[in-house]
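Breakdown of the fold
Listed below, chain by chain, are the residues.
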Amino acid sequence: MHMITSVGVIGAGQMGAGIAQVFAQAGYDVRLSDLSQSQLDAARSRISGSTGRAVTRGTMSVEERDRMLDRVQITTALDPIGAADLVIECATENEEVKKRILRDLTPLLADRTVLTTNTSSLSITRLAAVTDRPQRFMGLHFMNPVPVMKLVELIRGIATDQATFASVAAVVATLGKTATTSEDYPAFIVNRLLVPMINEAVYALYEGVGNVASIDAAMRLGSNHPMGPLELGDFIGLDTCLAIMNVLHDGLGDSKYRPCPLLVKFVEAGWLGRKSGRGFYDYRAADGVPVPTR
């Protein structure tokens, strides 16, 4: 097994910030990289706010919070990431973007470095092929929000060796999370089941089976889901949902994975959900109460 004490995270969005936080809380030295300084500053603020709430609840002391924040270094450069024992790529769910990052990063990596991706749907084997270490490359898929969700999906590529898999699985255990193992098929386990459900809810809306409020209430109260599927789609990001449906449709060739035309229209309109202020709900009201858009 590879000894892992330092972690590099590429991408300081919501997922990258959450991943950096849970590793720092577990005692790892973390380097968080992004091209955007404003994104890095927002990530630092997000981590500080999240751990500040933990202090208020009494689940973390001020001293523990301060030590944890000191373990997170932020940078707009890739070079510092290359020295980490474990690197996690957390860029947007776009295969070409991820491949470009991995190609740029590969020459900077130490020989010992284990390289992983937080992709929620893309082929691990294809991403590994653009690196110099497909045997030390695998999928490490955290759930959103990372500090709260207990599951991590581990996905081997065709060339991933057992020492790499064992090392990453051992690291996940130190985070207090539970790992499941998925084969390298489109969208793995969670999103292969979850996102088609969201897509089907969009079809129900598109076909007039029910409105937004009725569909979400039906699944919250009728199936005991904590969040309705359309609300959940807004939370995930409708662009991400569409990207995953396209991966499933292209990768498996089954018409049951065809993205709903209404989902496509929302993304084309820039109505991506919470992060853009509008999706199946409008989040821009002064009182903060989301209003269904259909």
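Thresholds applied
- Residues numbered from 1 in each chain as written.
- Predicted model: local features only at pLDDT ≥ 70, side-chain atom pairs only at ≥ 80, totals over all residues.
- Heavy atoms only, no water.
- Buried < 20%, exposed > 50% of the residue type's maximum accessible area, 1.4 Å probe, protein only.
- Helix = DSSP H or I, 4+ residues; strand = E, 2+ residues; numbered from the N terminus.
- Arc of directions from axis to C-beta.
- Contact = heavy atoms within 4.5 Å.
- UniProt positions renumbered as here; feature names shortened; annotations may be inferred.
- Pairing = 2+ DSSP bridges.
- Right-handed = clockwise from strand over helix to strand, strands pointing away.
- Core = buried A, V, L, I, M, F, W, Y, C linked by side-chain atoms within 4.5 Å.
- Salt bridge = Lys/Arg side-chain N within 4 Å of Asp/Glu carboxyl O.
- Phe/Tyr/Trp six-rings, centres within 6.5 Å; stacked < 30°, edge-to-face > 60°.
- Axes fitted to C-alpha atoms, helices over the stretch in contact; angles between N-to-C directions.
- 1 Å grid on protein atoms, 1.4 Å probe; cavity = no way out; pocket = protein on both sides within 12 Å on 5 of 7 lines; lining within 4 Å.
- Points joined across faces, edges and corners; volume = space filled by probe spheres on them.
- Nonpolar A, V, L, I, M, F, W, Y, C, P; charged D, E, K, R; others polar.

**Notes on helix 11 (residues 261-268)**
Those residues of helix 11 that sit buried are Leu 262, Leu 263 and Phe 266. The arc enclosing the buried residues of helix 11, seen along the axis, measures out at 105°, which places them on a common side. More than 90 degrees from the buried face of helix 11, the exposed residues found are Lys 265 and Glu 268. The inward-facing, buried residues of helix 11 contact helix 7 (190-206) and helix 10 (238-252).

**So, the UniProt feature "domain: 3-hydroxyacyl-CoA dehydrogenase C-terminal" (unreviewed entry) in the protein**
Residues annotated by UniProt as "domain: 3-hydroxyacyl-CoA dehydrogenase C-terminal" (unreviewed entry) correspond here to residues 188-283. For residues 188-283, helix accounts for 61% and strand for 2%, while the C-alpha atoms at its two ends are 31 Å apart.

**With respect to the pairing of strand 2 (residues 29-33)**
Summarising the sheet, strand 1 (residues 6-10) and strand 2 pair through 5 bridges and their orientation is parallel. The residue of strand 2 that forms the bridge with Ile 10 is Ser 33. This β-α-β element, strand 1 to helix 1 (residues 14-25) to strand 2, shows right-handed connectivity. The sheet contact formed by strand 2 and strand 3 (residues 72-75) spans 4 bridges and is parallel. Across the sheet, Arg 31 pairs through a bridge with Gln 73, a residue of strand 3.

**Digging into the nonpolar core**
Grouped together as the largest cluster of nonpolar side chains are 34 residues, with contacts concentrated most on Phe 23, Leu 86 and Phe 142. If one sorts the elements of this core by residue count, helix 1 sits on top with 6 residues. In contact with Phe 142, not counting residues within four places along its chain, are Met 15, Ile 19, Val 22, Phe 23, Asn 118, Leu 151, Val 152, Leu 175 and Lys 177. Formed by 19 residues, the second largest nonpolar core is a distinct cluster that contains Ala 91, Val 97, Leu 127 and Phe 137.

**As for the pattern of salt bridges**
For the structure on display, the rule yields 10 salt bridges. With its nearest N and O atoms 2.8 Å apart, the salt bridge here joins Arg 133 to Asp 132. The shortest N-O distance in the salt bridge between Glu 268 and Lys 265 comes to 3.8 Å. Residue Glu 268 and its partner Lys 265 are both found in helix 11; the two are separated by 3 residues, about one turn of the helix. Considered together, Glu 268 and Lys 265 belong to a single accessibility category, that of exposed residues. A single network of salt bridges, built from pairs that share partners, joins Glu 89, Glu 93 and Lys 98.

**Re the packing of aromatic side chains**
Tallied over the entire structure, the rule returns 6 aromatic pairs. For the ring pair Phe 23 and Phe 142, a centre distance of 6.2 Å and an interplane angle of 70° mean the geometry is edge-to-face. Of this pair, Phe 23 sits in helix 1 while Phe 142 sits in strand 6 (residues 137-142), and the two are 119 residues apart along the sequence. Of the two residues, Phe 23 and Phe 142, both sit in the buried class. Residues Phe 266 and Phe 280 carry aromatic rings whose centres are separated by 4.6 Å and whose planes lie at 25° to one another, so their mutual orientation is stacked. Here the residue Phe 266 occupies a position in helix 11, and Phe 280 occupies one in the loop between helix 11 and strand 9 (281-282), the gap between them amounting to 14 residues. Under the relative-accessibility criterion, Phe 280 is labelled buried at 0%.

**A closer look at the sheet that holds strand 1**
Sheet strands pair by backbone hydrogen bonding; their relative direction is either parallel or antiparallel. Across the sheet, 8 strands lie side by side as 3-2-1-4-5-6-7-8; this open sheet has mixed pairing. The open sheet has two edge strands, strand 3 and strand 8 (178-182), and neither has a second partner. With direction set aside, neighbouring strand axes in the sheet form an average angle of 25°. Across 3 bridges, strand 5 (residues 114-117) lies against strand 6 in parallel orientation. Directly across from Thr 117, in strand 6, lies its bridge partner Gly 139.

**As for the layout of surface pockets**
It is the rolling of a water-molecule-sized probe over the atoms that shows where space remains empty. In this model, the second largest pocket occupies a volume close to 300 Å³. Along its surface, the second largest pocket is lined by 18 residues, and Gln 21, Gln 25, Arg 57, Pro 147 and Val 148 are the ones closest to its centre. Looking at the lining of the second largest pocket, the elements that each hand over two or more residues are helix 1 and helix 2 (37-57). Ranked by the residues each element gives to the lining of the second largest pocket, the list is headed by helix 2, at 5 residues. In terms of residue class, the lining of the second largest pocket is built from 7 nonpolar, 7 polar and 4 charged.

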